[in-house]
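# Fold and geometry: a report
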Amino acid sequence: MKYVLLVSHGMFAPGLHSALDMLAGEGREDILSVSLENGMSSDVYADNVRKCLEVVGPEDEILLFGDLVGGSPLTTAANVIAEKNLLERTVMMGGMSLPLVLSAALMKDSMDLKELPGMLIPEAREELKEFQITSEESEDDI
């Protein structure tokens with residue numbers, strides 16, 4: 001199975017997980033999340049990541065998404081994944097967003113794990129844009 005693992009500072013990862021439940025289907029066993037909460041030690045967080053990954057077997061693959069490239073949640077999760085000898089079966093990305101992880105959750109089973117970033121990153125960039133509302137009033141209406 002290919003798992004999507006979301007990690008973050010604060011409650012961002014669980015919140016994103018909740019949004020994915022609404023959009024990609026509630027109760028999916030292939031989407032996991034864990035967060036580094038304020039005041040939590042890195043050891044406790046690493047243990048939480050280990051517990052979260054107990055469902056992942058040696059033949060499974062992981063798409064690991066973190067809120068920040070190089071941040072403690074992502075690097076600690078990567079270290080735990082390395083402990084489990086799953087690093088070769090893992091793709092890691094930082095700067096997660098709802099469009100990025102939604103596409104990953106929906107497309108992961110139709111693509112090779114190593115090809116996913118090449119498809120996901122441009123698509124996520126395309127989703128980042130300014131939202132503008134224009135007034136329908138004309139100057140004559142004023």
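None of the values given here were measured: they were computed from a predicted structure. Numbers given to residues run from 1 along each chain, matching the order in which its sequence is written. Selection of residues for local features in this predicted model requires a pLDDT of at least 70, selection of side-chain atom pairs for listing and counting requires 80 or more, and totals for whole chains, interfaces and linings are taken over all residues. In computing side-chain values, all of the structure's heavy atoms are included and hydrogens and water are not.

Turning to the sheet that holds strand S2 (residues 31–36), a few remarks are in order. Adjacent strands of a sheet pair through backbone hydrogen bonds, lying either parallel or antiparallel. With parallel pairing, the four strands of this open sheet are ordered in space as S2-S1-S3-S4. Single-partner strands in this sheet number two, and they are S2 and strand S4 (90–94). Between one strand axis and the next, the sheet turns by 15 degrees as a mean value, whatever way the strands run. A strand pair is defined by DSSP finding two or more bridges across the two strands. Put simply, DSSP marks the helices as runs of H or I at least four residues long and the strands as runs of E at least two long, and each gets a number from the N terminus on. In this sheet, S4 lies alongside strand S3 (residues 61–66) in parallel orientation, the contact comprising five bridges. Paired with Leu-63 across the bridge in S4 is Val-91. Contacts are assigned to residue pairs that have any heavy atoms within 4.5 Å of one another. To obtain an axis, a line is fitted to C-alpha atoms, over the contacting stretch when the element is a helix, and the angle between two such axes runs from 0 to 180 degrees between their N-to-C directions. Against the sheet, helix H1 (residues 12–24) contacts strand S1 (2–9) and S2, and its axis sits at roughly 135 degrees relative to S1.

To continue, consider the pairing of S2. Exposure is judged per residue with a 1.4 Å probe applied to protein chains only, and the accessible area is read against the type maximum: over 50% gives exposed, under 20% gives buried, and values in between give partly exposed. For S2, the buried fraction is high: five of the six residues fall into the buried class. Bridge count for S1 against S2 is six bridges, and the pairing is parallel. Within the sheet, the bridge partner assigned to Leu-5 lies in S2 and is Leu-32. For a crossover, the right-handed case is the one in which the path from the first strand over the helix to the second runs clockwise, viewed with the strands pointing away from the viewer. Each parallel crossover has a hand, and the one from S1 via H1 to S2 is right-handed.

Let's shift gears to the packing of H1 against helix H4 (residues 98–107). Between H1 and H4, the shortest axis-to-axis distance is 10 Å and the interhelical angle comes to 50 degrees. As summarised for this structure, H1 and H4 are arranged oblique, according to the angle between their axes. Crossing of H1 over H4 shows right-handed handedness. Facing H1, whose interface residues are Leu-16, Ala-19, Leu-20, Leu-23 and Ala-24, H4 presents Leu-98, Val-101, Leu-102 and Leu-106. Its residues assigned to classes, the contact of H1 with H4 shows nine nonpolar, no polar and no charged. Roughly parallel means an angle under 35 degrees; roughly antiparallel, over 145; roughly perpendicular, 65 to 115; everything else is oblique. Here a crossing is taken to be left-handed if its near helix is turned anticlockwise relative to the far helix by less than a right angle, and right-handed if that turn runs clockwise. Classification used: nonpolar for Ala, Val, Leu, Ile, Met, Phe, Trp, Tyr, Cys and Pro, charged for Asp, Glu, Lys and Arg, polar for all others including Gly.

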